[in-house]
Amino acid sequence: SQTIHQWPATLVQPVGSPLSLECTVEGTSNPNLYWYRQAAGRGLQLLFYSVGIGQISSEVPQNLSASRPQDRQFILSSKKLLLSDSGFYLCAWAQKGAYTEAFFGQGTRLTVV
Amino acid sequence: GQQVMQIPQYQHVQEGEDFTTYCNSSTTLSNIQWYKQRPGGHPVFLIQLVKSGEVKKQKRLTFQFGEAKKNSSLHITATQTTDVGTYFCAGYTNDYKLSFGAGTTVTVRA
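Each chain has its residues counted from 1, following the order in which its sequence is written. All chains are assigned letters beginning with A, and all ligands numbers beginning with 1, in the order in which they are written. A pLDDT threshold of at least 70 governs which residues receive local features in this predicted model, and a stricter bar of 80 or more applies before side-chain atom pairs are shown or counted, although totals over entire chains, interfaces and linings include all residues. Calculated side-chain values reflect all of the structure's heavy atoms, with hydrogen atoms and water omitted.

On to the sheet that holds strand β1 (residues 3-7) of chain A. The strands that make up a sheet are held in pairs by hydrogen bonds between backbone atoms, and each pair lies either parallel or antiparallel. Residue and element names in this part refer to chain A. A pair of strands is labelled paired if DSSP reports no fewer than 2 bridges between them. Here a strand is any run of E in DSSP of at least two residues, a helix any run of H or I of at least four, and the numbering for each starts at the N terminus. If you trace the four strands from one edge of the open sheet to the other, you get β1-β3-β8-β7, paired in antiparallel fashion. In this open sheet, the two edge strands, each paired with only one partner strand, are β1 and β7 (64-70). With strand direction ignored, the average angle separating the axes of adjacent strands in the sheet is 15°. For strand β3 (residues 19-26) and strand β8 (residues 73-78), the ladder comprises six bridges, and the chain directions are antiparallel. Its bridge partner lying in β8, leucine 19 is registered against serine 78. Orientation is described by axes fitted as lines to C-alpha atoms, over the contacting stretch for helices, and by angles from 0 to 180 degrees between their N-to-C directions.

A few words on the sheet that holds strand β8 (residues 71-76) of chain B. Residues and elements named next belong to chain B. If you trace the five strands from one edge of the open sheet to the other, you get β1-β3-β8-β7-β6, paired in antiparallel fashion. The sheet is open, and its two edges are formed by β1 (4-7) and β6 (55-58), each paired on a single side. Each strand axis lies, on average, 15° off the axis of its neighbour in the sheet, ignoring direction. Pairing of strand β3 (residues 19-25) with β8 involves six bridges; the strand directions are antiparallel. What sits directly across from threonine 20, in β8, is histidine 75.

The next thing to look at is the side chain of A:Arg37. All names here are of chain A. Summarising the element assignment, arginine 37 is placed in strand β4 (residues 32-38). Counting of polar contacts relies on pairs of N or O atoms within 3.5 Å, with two restrictions inside protein: one atom must be capable of donating a hydrogen and the other of accepting it, and residues adjacent in sequence are counted only when both atoms are side-chain atoms. Of note is the side chain of arginine 37, whose polar atom sits 3.1 Å from the side chain of tyrosine 89. Setting aside anything within four residues of it in sequence, one finds arginine 37 in contact with Gly43, Leu44, Gln45, Leu47, Gln62, Leu64, Ser84, Asp85, Ser86, Phe88 and Tyr89. Working rule for contacts: check all heavy atoms of both residues, and any pair within 4.5 Å makes them a contact.

Think of a 1 Å grid over the protein atoms and nothing else: a 1.4 Å probe that fits but is trapped marks a cavity, an open set flanked by protein within 12 Å on at least five of seven lines marks a pocket, and residues with an atom within 4 Å of a point count as lining. Grid points are joined across faces, edges and corners, and a volume is the space filled by probe spheres set on the points. Its boundaries defined by the atoms lining it, the largest pocket holds a volume of some 640 Å³. Lining the largest pocket are 24 residues, and of these A:Leu44, A:Gln45, B:Gln3, B:Phe100 and B:Gly101 lie nearest its centre. Listed by contribution, the elements that provide at least two residues to the lining of the largest pocket are β5 (44-52) of chain A together with β1 and β10 (98-100) of chain B. Ten residues, namely Ala, Val, Leu, Ile, Met, Phe, Trp, Tyr, Cys and Pro, are considered nonpolar, four, namely Asp, Glu, Lys and Arg, are considered charged, and the remaining ones, Gly among them, are considered polar. In terms of residue class, the lining of the largest pocket is made up of eight nonpolar, 12 polar and four charged. Along its surface, the second largest pocket is lined by 24 residues, and A:Gln38, A:Gly41, A:Arg42, B:Gln37 and B:Thr86 are the ones closest to its centre. Elements with a contribution of two residues or more to the lining of the second largest pocket: β9 (87-94) of chain A together with β9 (85-92) and β11 (104-109) of chain B. With four residues, the top contributor of residues to the lining of the second largest pocket is β11(B). The class makeup of the residues in the lining of the second largest pocket is eight nonpolar, 13 polar and three charged.

A word on the packing of aromatic side chains. Each aromatic ring pair is characterised by the separation of its centres together with the angle its planes make. Aromatic pairs are defined between Phe, Tyr and Trp rings, using the six-membered ring for Trp, whenever the two ring centres lie within 6.5 Å; interplanar angles under 30 degrees are classed as stacked, those over 60 as edge-to-face, and all others as tilted. For the structure on display, the rule yields 13 aromatic pairs over all chains. When the ring of A:Tyr34 is compared with that of A:Tyr36, the centres are 6.0 Å apart and the planes differ by 25°; the resulting orientation is stacked. With respect to burial, A:Tyr34 and A:Tyr36 carry one shared label: buried. Here A:Phe104 and B:Tyr35 contribute two aromatic rings whose centre-to-centre distance is 6.1 Å and whose plane-to-plane angle is 85°, an arrangement assigned as edge-to-face. Buried means the residue's accessible area, taken with a 1.4 Å probe over protein chains only, is under 20% of the maximum for its type, while exposed means over 50%, and partly exposed covers the values in between.

In short, the description is geometric, and any link to function would need to be established separately.
Spelled out as structure tokens, the structure:
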């Protein structure tokens, strides 16, 4: 069966510090991968999605970046965090094909102080 | 680009009552998916609708896709405390990009 791992679960970082969140998927190959952010009490904002190794589509201009160094690994990074980067970050994967469902990781709750 | 709007943003329901949440798009949707996120949790897929006018049921939940494929609704009957959470609709704008609505957060009064 397929599983998705996302870590860490919680993170408190000072303003201006770097960020690296990692997500890995097991039990499938060549998935579409996604990063979403959810501000407190808000909806899911699509940040990045990837259809393959090294292929990243960015949805929102900001100080975040994403990389996909391996087929089932998706990394969200920042060189310098802002207060506004606080939120709940969710990684998700979906099989390629028409309109497949997305499976989410447990999420990382990031607080920038 | 496509925008998916959800209303209401918040729904406070008396236990046992029914309610409906709506998802509206400015463009025709290829499909619509519904997810539920429990407080503190992550979104979990509920169902997908693809055909115009399609209606699907899951126990007390009824999902409908509009005839013009521009709107969808989720109707919950006899609300229970287990229905608490945020319900999202989502749709693909191409084969890969999955965008979500803002969600409807449901609270239940016992």
